[in-house]
Amino acid sequence: MHSSSFSNLLALSLLAFPAMLVAGLPSPNICNTTTPATNPNGTLSLAPRANKRIFLGYIHAYSFPDVTYIVNIGWADGEDPCNSRMISQHPADYCGFKFCAGGECGLTVEGCGGNIWLNKNGGWYGECRPAKNGEGSSKSCNAGVFFGSVTTQYVCN
């Protein structure tokens, strides 16, 4: 065997050896803050995992002088819905209005008229489903802008 042929064979073996070692090993998860998700349009995207469930509901609100409205609100698990911000006036739907919940801002509800979901700054954030009895809050608010009982309609995560 010529020395140049031996050198070429040795070089190829050294290049292939690390690949052979790694081929049978599972790849490490270096991006554990993202989850593959299929958005309602059917395309695969990487979206941040929602750290908290986000609830959508409605409550009465004061509008001075002495006029009351029912408003749609959004809040995160562990937050007081009485301190949440208005998304839109009820019974209008939630869609297209930006709001913040659980430290996440730029949230919008999409898909009204069908299955709804949350986007964050235009990107997929999470699915929403109708709330089950006892989920969210039925808290009564009596101070500030909101009063009466909170009605939870949707849970998103």
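Look up: the structure comes first, before these words.
Note that this is a predicted model, so its numbers are computed, not measured. (Residues numbered from 1 in each chain as written. Predicted model: local features only at pLDDT ≥ 70, side-chain atom pairs only at ≥ 80, totals over all residues. Heavy atoms only, no water.)

1. Structural notes on the pattern of salt bridges
So the rule is basically this: Basic side-chain nitrogens of Lys or Arg form a salt bridge, by our definition, when they fall within 4 Å of a carboxyl oxygen of Asp or Glu. A run of H or I in DSSP counts as a helix once it spans at least four residues, and a run of E counts as a strand once it spans at least two, with each numbered from the N terminus. For each residue, the accessible area found with a 1.4 Å probe, counting protein chains only, is set against the maximum for its type, and the residue is called buried under 20%, exposed over 50%, and partly exposed in between.
In the structure shown here, the tally under the stated rule is five salt bridges. Notably, a salt bridge pairs lysine 120 with glutamate 104, separated by 2.3 Å at the nearest N-O pair. Taken as a pair, lysine 120 in strand β8 (residues 117–120) and glutamate 104 in strand β7 (residues 104–110) lie far apart in primary sequence, 16 residues in all. A residue is classified by how much of its surface remains accessible, and lysine 120, at 27% relative accessible area, is partly exposed. Classification of glutamate 104 as buried rests on a relative accessible area of 17%. Here arginine 129 makes a salt bridge to glutamate 135, at a shortest N to O gap of 2.6 Å. The buried category is assigned to glutamate 135, whose relative accessible area is 17%.

2. As for the environment of alanine 76
As for its placement among the helices and strands, alanine 76 is situated in strand β4 (residues 67–76). Given a relative accessible area of 1%, alanine 76 falls into the buried group. Taking the C-alpha atoms as reference points, alanine 76 and arginine 53, 23 residues apart in sequence, are found 5.7 Å from one another.

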